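The residues making up each chain are set out below.
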Amino acid sequence: MTEPPEAPPEDPPEDPPEDPADALPPLREVIAAHGLGARKALGQHFLLDLNVTRRIVRAAGDMTGVTALEVGPGPGGLTRALLESPAARVVAVEKDARCLEALAPLEALYGDRFHLVSGDALEVDLAALGPAPRRVVANLPYNVGTPLLLRWLRDIQSFESLTLMFQTEVADRLVAAPGTKAYGRLAVITQWLCQVRRDFNLDRRAFTPPPKVASTVVTLHPRPEPLAPARFETLERITQAAFGQRRKMLRASLKGLPLDLEAAGVDPQQRAETLPVEAFCRLARQLDGDG
Ligand code: SAM
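Residues numbered from 1 in each chain as written. Predicted model: local features only at pLDDT ≥ 70, side-chain atom pairs only at ≥ 80, totals over all residues. Heavy atoms only, no water.

> Help me out: how do you make sense of the pairing of strand β5 (residues 134-139) in this one?
When a strand is regular, its side chains alternate between the sheet's two faces. Counting buried positions along β5 yields 6 of 6 residues, so the element is predominantly enclosed. Residues Arg134, Val136 and Ala138 point to one face of β5 and Arg135, Val137 and Asn139 to the other, with burial holding for every one of them. Sheet topology places strand β2 (residues 67-71) next to β5; 3 bridges connect them, and they run parallel. Across the sheet, the residue bridging to Thr67 is Arg134, located in β5. In the sheet, β5 pairs with strand β6 (residues 161-167) via 5 bridges, with the strands oriented parallel. From the neighbouring strand, Arg135 faces β6, where its bridge partner is Ser161. In this fold, β5 hands off to helix α5 (residues 145-153), which returns the chain to β6; that crossover is right-handed. (Buried < 20%, exposed > 50% of the residue type's maximum accessible area, 1.4 Å probe, protein only. Helix = DSSP H or I, 4+ residues; strand = E, 2+ residues; numbered from the N terminus. Pairing = 2+ DSSP bridges. Right-handed = clockwise from strand over helix to strand, strands pointing away.)

> What exactly am I supposed to notice about the pattern of salt bridges here?
Close approach of charged atoms allows side chains with opposite charge to pair. As enumerated under the stated definition, the model contains 13 salt bridges in all. Ionic pairing is found between Arg39 and Asp96, a salt bridge with its closest N-O pair at 4.0 Å. Taken together, the residues span a long stretch of sequence, with Arg39 in the loop between α1 (27-33) and β1 (46-47) and Asp96 in the loop between β3 (89-94) and α4 (97-110) at a distance of 57 residues. Arg39 gets classed as partly exposed once you look at its relative accessible area, which sits at 42%. What emerges from the salt-bridge pattern is a single network uniting Arg154, Arg231, Glu233, Glu236 and Asp288. (Salt bridge = Lys/Arg side-chain N within 4 Å of Asp/Glu carboxyl O.)

> What's the story with the site of the ligand in this structure? I'm lost.
Lining the immediate surroundings of the ligand are 20 residues, of which Gln44, Leu47, Gly72, Glu94 and Asn139 lie closest. In this structure, Asp120 approaches the ligand through a side-chain N or O atom, which is 2.8 Å from a nitrogen atom. Contact with the protein chains removes 98% of the 590 Å² of surface that the ligand exposes when unbound. Taking a 2 Å distance to the grid points as the criterion, the majority of the atoms of the ligand fall inside the largest pocket. Those elements that provide at least two residues to the shell around the ligand are β1 and β3. (Near = heavy atom within 4 Å. Polar contact = N/O pair within 3.5 Å; in protein donor to acceptor, adjacent residues only side chain to side chain. Areas by Shrake-Rupley, 256 points an atom, 1.4 Å probe, with all protein chains shown as cover. 1 Å grid on protein atoms, 1.4 Å probe; cavity = no way out; pocket = protein on both sides within 12 Å on 5 of 7 lines; lining within 4 Å. Sits in = over half its atoms within 2 Å of the grid points.)

Dropping the structure here:
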């Protein structure tokens, strides 16, 4: 009787691929080790739960091969989730020297895939920090969230998307429709250039320390073309005048500008909060003499 052939020896089980993140200390330890007591002036409210930061990254869509641009990485909770994604690289701009020091180990671990930029995001040209396609993903410092957004809107074609955490009241203003209380300058300018999606709300207790108000993640996708032709500066000028006195009829709030409202198809008795984006664009074109 012949012996059955011996089964070939099994390959030893492969080691699971090493995840550089395994080498990182928990975020609470990072905060303690670097004395990252939250500074109010810098809008510091940290997210320490990776399930939450991963959810934000998922809202940003397909990260494959993109440059992920983060503003205000803080101790790095969202940064870690971005580094777990298939982004080609992650570039983070931070103003607080303490956080920069706390994040230095990430640079050592991830090499060229992670780049830390020391600076004020209000002064940095974000699009210059990495090649397209670029997605901005950030838990923004609340005190500068709106000016930062307005800055990026001026250069919106440089970005595939912006996924941003705002205080809920600002998120409401971004998605507001005409005829609602939250509809104002921010809605007009943002919706003129982008489709805005409300992703999810986060309870204030998700942050350390908790802010006074709830937060909301929104994603902005630049439209291939603005909703209607207009110049950014002129639209800003008109919306500033119109919403500066939002309770007044447009014939009163816009009387300082050389406009013929009726010729632009706008009822002078309307109030700014009822005027759709396209109508503001018509007024802007008329003011620029190309309507
Ligand atoms: N991304 C971190 C997180 O989710 O835990 C921190 C978010 S915290 C709300 C805002 C961060 O933005 C802080 O780290 C703060 O130091 C930083 N920051 C504040 N103002 C900034 C500015 N003008 N430019 C760059 N970073 C800023």
